[in-house]
Amino acid sequence: MIILNTKEFYQDSRLTLNMFKKLLYNNYNTLKQNDPEIILVLTRIFSEDDIDRAIKNISLDKHRNIVIDNHIRSNVILRYLEYGGEALKAPHLLSKAKKDLERRSLNVQ
């Protein structure tokens with residue numbers, strides 16, 4: 001699954017990837033504090049280690065896209081973090097991280 005195309009950012013692709021992961025993790029921690037019910041439902045399905053591993057498994061492909069492999073469990077976890085699932089409203093964490101990243105790149109220019 002392609003999460004984000006880094007070509008639209010002026011920073012190095014690896015730097016953009018690392019910033020995206022940090023923002024995603026920060027948004028997840030903010031959600032933990034502000035809406036613990038969503039986290040409770042999510043942690044009934046996936047462990048905290050699974051969620052951390054899913055964020056760490058995000059990588060760059062040869063076209064400088066931030067991606068997650070479709071054939072691993074992390075893909076499912078990231079989809080839950082974005083779209084939600086049964087009994088879990090959509091947290092939109094990937095979209096929020098992308099918007100935060102875009103705001104930061106606009107401030108740098």
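Residues numbered from 1 in each chain as written. Predicted model: local features only at pLDDT ≥ 70, side-chain atom pairs only at ≥ 80, totals over all residues. Heavy atoms only, no water.

A.B. asks: Whenever I open this one, the overall build of the protein confuses me. Can you help?
C.D. replies: Scanning the protein for helices and strands turns up five helices and three strands. Put simply, the protein runs from its N terminus to its C terminus through helices and strands in the order β-α-α-α-β-β-α-α. Taken against the 2.2 N^0.38 rule, which gives 13 Å for 109 residues, the C-alpha radius of gyration of the protein at 14 Å falls within 12% of a compact globule. Counting all 109 residues of the protein, 39% fall into the buried class. (Helix = DSSP H or I, 4+ residues; strand = E, 2+ residues; numbered from the N terminus. Rg over C-alpha atoms; globule rule 2.2 N^0.38 Å. Buried < 20%, exposed > 50% of the residue type's maximum accessible area, 1.4 Å probe, protein only.)

A.B. asks: Help me understand unusual backbone geometry, please; the structure alone is not making it clear to me.
C.D. replies: Negative phi characterises most residues that are not glycine, and trans characterises most peptide bonds. One non-glycine residue with positive phi stands out, namely Ala87, at about 65 degrees. Its place among the elements puts Ala87 in the loop between helix H4 (73-83) and helix H5 (93-108).

A.B. asks: Can you walk me through the packing of helix H3 (residues 48-56) against H4 in this structure?
C.D. replies: How two helices pack is summed up by the angle between their axes together with the distance between the axes. One can describe the packing of H3 onto H4 by two numbers: an axis separation of 9 Å at closest approach and a directional angle of 100 degrees. Taken together, the axis directions place H3 and H4 in an arrangement best described as roughly perpendicular. Facing Asp50, Ile51, Arg53 and Ala54 of H3, the residues of H4 in contact are Arg73, Ser74, Ile77, Leu78 and Leu81. When its residues are assigned to classes, the contact of H3 with H4 shows five nonpolar, one polar and three charged. (Axes fitted to C-alpha atoms, helices over the stretch in contact; angles between N-to-C directions. Parallel < 35°, antiparallel > 145°, perpendicular 65-115°, else oblique. Contact = heavy atoms within 4.5 Å. Nonpolar A, V, L, I, M, F, W, Y, C, P; charged D, E, K, R; others polar.)

A.B. asks: Please clarify how the pattern of salt bridges should be interpreted in this entry.
C.D. replies: Side-chain pairs of opposite charge can arise whenever the charged atoms involved come near each other. In the structure shown here, the tally under the stated rule is five salt bridges. Between Lys89 and Asp35 there is a salt bridge, with the nearest N and O atoms lying 3.7 Å from each other. In this pair, Lys89 is assigned in the loop between H4 and H5 and Asp35 in the loop between helix H1 (13-34) and helix H2 (36-45), connecting sequence segments 54 residues apart. Classification of Lys89 by relative accessible area gives exposed; the value is 56%. Note that Asp100 and Arg103 form a salt bridge whose closest N and O atoms lie 3.0 Å from each other. Of this pair, Asp100 and Arg103 both sit in helix H5, three residues apart, which is roughly one turn of the helix. Residue classification places Asp100 among the partly exposed residues on the basis of a relative accessible area of 21%. (Salt bridge = Lys/Arg side-chain N within 4 Å of Asp/Glu carboxyl O.)

A.B. asks: Teacher, can you tell me more about the packing of aromatic side chains here?
C.D. replies: To describe a pair of aromatic rings, one takes the distance between the centres and the angle between the planes. Going through the model one piece at a time under the given rule, you end up with one aromatic pair. Between the aromatic rings of Phe46 and Tyr80, the centroid separation amounts to 5.2 Å while the plane-to-plane angle is 80 degrees, which identifies the pairing as edge-to-face. Separated by 34 residues along the polypeptide, Phe46 in the loop between H2 and H3 and Tyr80 in helix H4 bring together distant segments of the chain. (Phe/Tyr/Trp six-rings, centres within 6.5 Å; stacked < 30°, edge-to-face > 60°.)

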